[in-house]
Amino acid sequence: MNRRDALKNGLLLLGGVFVISGCGEDQTVHYNNFKLKATEVVFLKVLAETIIPQTDTLGSEKLGLHEFVLKMLDDCHSPTEQAQFCDGLSRFRKWAQERLEKAFENTSLKERTHVLQSMGEVDIENVDLFYKITKKRVIQGYLKSKYVMTDLVPYQLVPDRYVGDVALSS
Amino acid sequence: MSFNINKVKSANTYDVIVVGSGASGSWAAKEFSEQGLRTLLLERGRDVEHIKDYPTTNMYPYEFEHRLEMPYEDKVTNPIVNRCYAYKEDSQHFFVKDQEHPYIQVKDFDWIRGYQVGGKSLLWARQVQRWSDFDFEGPARDGFAVDWPIRYTDIAPWYSYVERFIGVSGNQDNIPELPDGEFLPPFPLGRVEQHLKETVANHFPGRHVISARCAHLSKAQPIHFKQGRTDCVNRLLCQRGCPFGGYYSANAVTIPWAKKTGNLTLRTHAVVHSVLYEETTKKAVGVKVIDANSKEEIDYFARVIFLNASTLNTNLILLNSKSNRFPEGLGNDNQLLGKYVAFHNYTALVMAEYEGFQNYKTTGRNPAAGAYMPRFRNLHKQDTDFLRGWSAGISTQRKELIDPEAVGIDLKNSLLNPRLGPWSIFSYMMGETLPKESNLVTLDNLQTDSWGIPLLRIDVDYDDNDRKMRDDYFQEMGDMFDKAGFTNIKKVPDKRRPGNDIHEMGGARMGVDPRTSIVNKWNQIHSCKNVFVTDGACMTSTSTQNPTLTFMALTARAANYALGEMKKRNL
């Protein structure tokens, strides 16, 4: 499909990675191997920011970690896991909505954090897997971000040493 | 017409042809070109020039699209190479993809290959241990394979010769079964590795834990500076190619050295189809090459041919070198070519934790990877119900603990300031497998690759000896760990397929008797003396040591023998 056809069909190419179709509430984001509603992507962004929030150092949103989650989901997970992830995401939202009596993304950081702290009690199909993948990829994206590896825990490309018995000062 | 043919022939004629540019082939190329012989080095893949062709070498982890992980589609398309521990986003361009070079697995076999200048020497684990007479005398003593035609004294000077040139870090450990060499300073043992060493020395007579010997420049010598190399700087990104030349690769060391002589011609994209045999002179006269890109057939000629195409590809070339004299493949009068293939048994891991030495940690990265335990089983006499034994690698480090349940600020703090947990101990076995006639490679009668060369059928498997050895490793390593006070000892079977040790050996084994071996004590094919096999294909047995150092030493030895014979006009 060329750009003109894409526009005609209401699709917009974004950086060649995914396309958005539809408008308003019904907007759909198409990745190579799955699609999500635009609102679901916003939800994931808020979820990721809850896992790694902005403090006196940068958090998930500024680092684009939810985009990293989706990139890894798209490229490095099986079609089965992609489907389970999308399903789990949708069920997670419903469950959180019932529990919080409003959308997860419309609650305070404190409330959202509280919800995530009680994830161990949740037993809904695919929710656990969705959350596990999200958390694993958010943590990976965070620790392996240029920001963390440069400013917070500098990665040494050239350590120039190995010491096998460094005594720690107690 | 004959004038033109002669002209082409003369342009394509060298003193020596070396097939394959990896660790062993580049050593042959170095020896011959240094001595003034016009040497043609054939490589089936592309060129990889030191530093210039290491595209990922200075990349930070965050610069990799998937943070080193291979995408799902690649895993599905290339399941074999994806099972190799070193195949990641930073090194994948140095590995053969499954689909590009198919072969037939009669039984499960992961054939891991690197088709480029330097071959797998860019990717190897760089562990280098000498063999001893406990290894060379093994087959004769224990009644398997055939007797090696050489002993330790034959190869010892060549080990030294190779070690001095490539640079090997290690201790003089004074262990007869693991002879000392020409070592640069060792990398130190970690605190808990030292503790294990002392425990084993005190409670398990005859067993040793040493600093692993590795082909890294812990302290570069003048010869290494002359090669353009400097000290290893502990990056441990070796599989990307090292811009410091901190470890030995053909690309950083032997190939540039050979090039500097002005006597080396490196021909890439040259897929060797077969060795050309001349009935009248009863000699090989050259090799038939298919250009990998144009598929054009080209013949190259030389007085001496060295086959270093990697173990199984050397077998393939020999099997495919058919003539009236050798209808079953060059040198295959005894129908043993391609048989007695063996490898190393890596089917077991033992892991543990240690709560001691909580006030110590390691820092930096260890190129030697940690400790090494040479074989002690069945060493002086048979003391188990299986033949031979195993060696082991052992590495240790403090665990960094994060709180897995934490979220938000707590998680951030936990990630940025992980707590030091207990020491974690990891060990793997490397078992000697017994070469057997039933472990073999053959050519497929029907299917060929894109260059018209028959596909290789690989029929290799574990046996009961391997399983018993694995159980012994579980038992003994578990006992040693227990004695050292380690806890949470886990004995984990590794489902690794044969081949994924990347130590395949044999098929054209050395031996005294032409009726039971393919090459002689100088690595010459018994029945075609100007063809030498000095890569892994020549190995009569496998021992427990990582094999590459021995391939290189055998190659240097054979090349210098060939040089002498050429001078005497015997070749």
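All figures in this text were calculated on a predicted structure; none of them were measured in a lab. (Residues numbered from 1 in each chain as written. Chains lettered and ligands numbered in written order. Predicted model: local features only at pLDDT ≥ 70, side-chain atom pairs only at ≥ 80, totals over all residues. Heavy atoms only, no water.)

### Focus on the sheet that holds strand 18 (residues 440–448) of chain B
Residues and elements named next belong to chain B. One open sheet accounts for 3 strands, arranged 3-19-18; its pairing is mixed. Strand pairing shows two members of the sheet lacking a second neighbour, strand 3 (104–105) and strand 18, which therefore form its edges. Sheet topology note: the strand 3/strand 19 (residues 454–459) ladder contains 2 bridges and is parallel. Its bridge partner being in strand 19, Q105 is matched across the sheet by I458. (Pairing = 2+ DSSP bridges. Helix = DSSP H or I, 4+ residues; strand = E, 2+ residues; numbered from the N terminus.)

### Some details on the UniProt feature "domain: Glucose-methanol-choline oxidoreductase N-terminal" (unreviewed entry) in chain B
Those residues carrying the UniProt feature "domain: Glucose-methanol-choline oxidoreductase N-terminal" (unreviewed entry) are residues 151–321 of chain B in this numbering. Along residues 151–321 of chain B, the helical share is 29% and the strand share 23%, with 31 Å between the first and last C-alpha atoms. (UniProt positions renumbered as here; feature names shortened; annotations may be inferred.)

### Thoughts on unusual backbone geometry
Backbone phi values are negative for most residues with the exception of glycine, while trans is the configuration of most peptide bonds. Residue and element names in this part refer to chain B. Non-glycine residue K295 carries a positive phi angle of around 65°. The phi torsion at N523 lies on the positive side, around 70°, for a residue other than glycine. On the basis of relative accessibility, which here comes to 0%, the residue N523 falls in the buried class. (Buried < 20%, exposed > 50% of the residue type's maximum accessible area, 1.4 Å probe, protein only.)

### Some words on empty space enclosed by the protein
Residues and elements named next belong to chain B. Across all of its chains, the model carries 2 cavities of 30 Å³ or more by this definition. In this structure, the largest cavity spans a volume of roughly 80 Å³. Along its surface, the largest cavity is lined by 13 residues, and C232, R235, L236, C238 and C242 are the ones closest to its centre. Tallied by class, residues from the lining of the largest cavity come to 8 nonpolar, 4 polar and 1 charged. Lining the second largest cavity are F134, D135, E177, L178, Y372, P374, R375, L379, T544 and Q545. (1 Å grid on protein atoms, 1.4 Å probe; cavity = no way out; pocket = protein on both sides within 12 Å on 5 of 7 lines; lining within 4 Å. Points joined across faces, edges and corners; volume = space filled by probe spheres on them. Nonpolar A, V, L, I, M, F, W, Y, C, P; charged D, E, K, R; others polar.)

### Details of the pattern of salt bridges
Residue and element names in this part refer to chain B. What the rule picks out here adds up to 44 salt bridges over all chains. For the salt bridge of D385 with K468, the shortest nitrogen-to-oxygen distance reads 3.9 Å. Residue D385 is found in the loop between strand 15 (371–373) and strand 16 (390–401), and its partner K468 is found in helix 13 (residues 464–483); the two are separated by 83 residues along the sequence. Looking at D385, the relative accessible area reads 58%, which means it is exposed. A salt bridge links R496 to D494, with the shortest nitrogen-to-oxygen separation between them at 3.6 Å. Taken together, the shared-partner salt bridges connect R207, R377, D383, D472 and E476 into one network. (Salt bridge = Lys/Arg side-chain N within 4 Å of Asp/Glu carboxyl O.)

### Topic: the state of the cysteines
All names here are of chain B. Across all of its chains, the model carries 0 disulfides over all chains by this definition. Here C242 is not cross-linked by a disulfide; its sulfur's nearest cysteine counterpart is in C238, at 6.6 Å. On the basis of relative accessibility, which here comes to 13%, the residue C242 falls in the buried class. (Disulfide = S-S within 2.5 Å.)

### A closer look at helix 11 (residues 311–320) of chain B
Where burial is concerned, most of helix 11 of chain B is hidden: 10 out of the 10 residues are buried. The set of residues buried in helix 11 of chain B consists of B:T311, B:L312, B:N313, B:T314, B:N315, B:L316, B:I317, B:L318, B:L319 and B:N320.

### Considering the side chain of B:T384
Residues and elements named next belong to chain B. Within the secondary structure, T384 is located in the loop between strand 15 and strand 16. One polar contact links T384 to N378, side chain to side chain, over a distance of 3.0 Å. Excluding anything up to four places from it in sequence, T384 contacts R377 and N378. (Polar contact = N/O pair within 3.5 Å; in protein donor to acceptor, adjacent residues only side chain to side chain. Contact = heavy atoms within 4.5 Å.)

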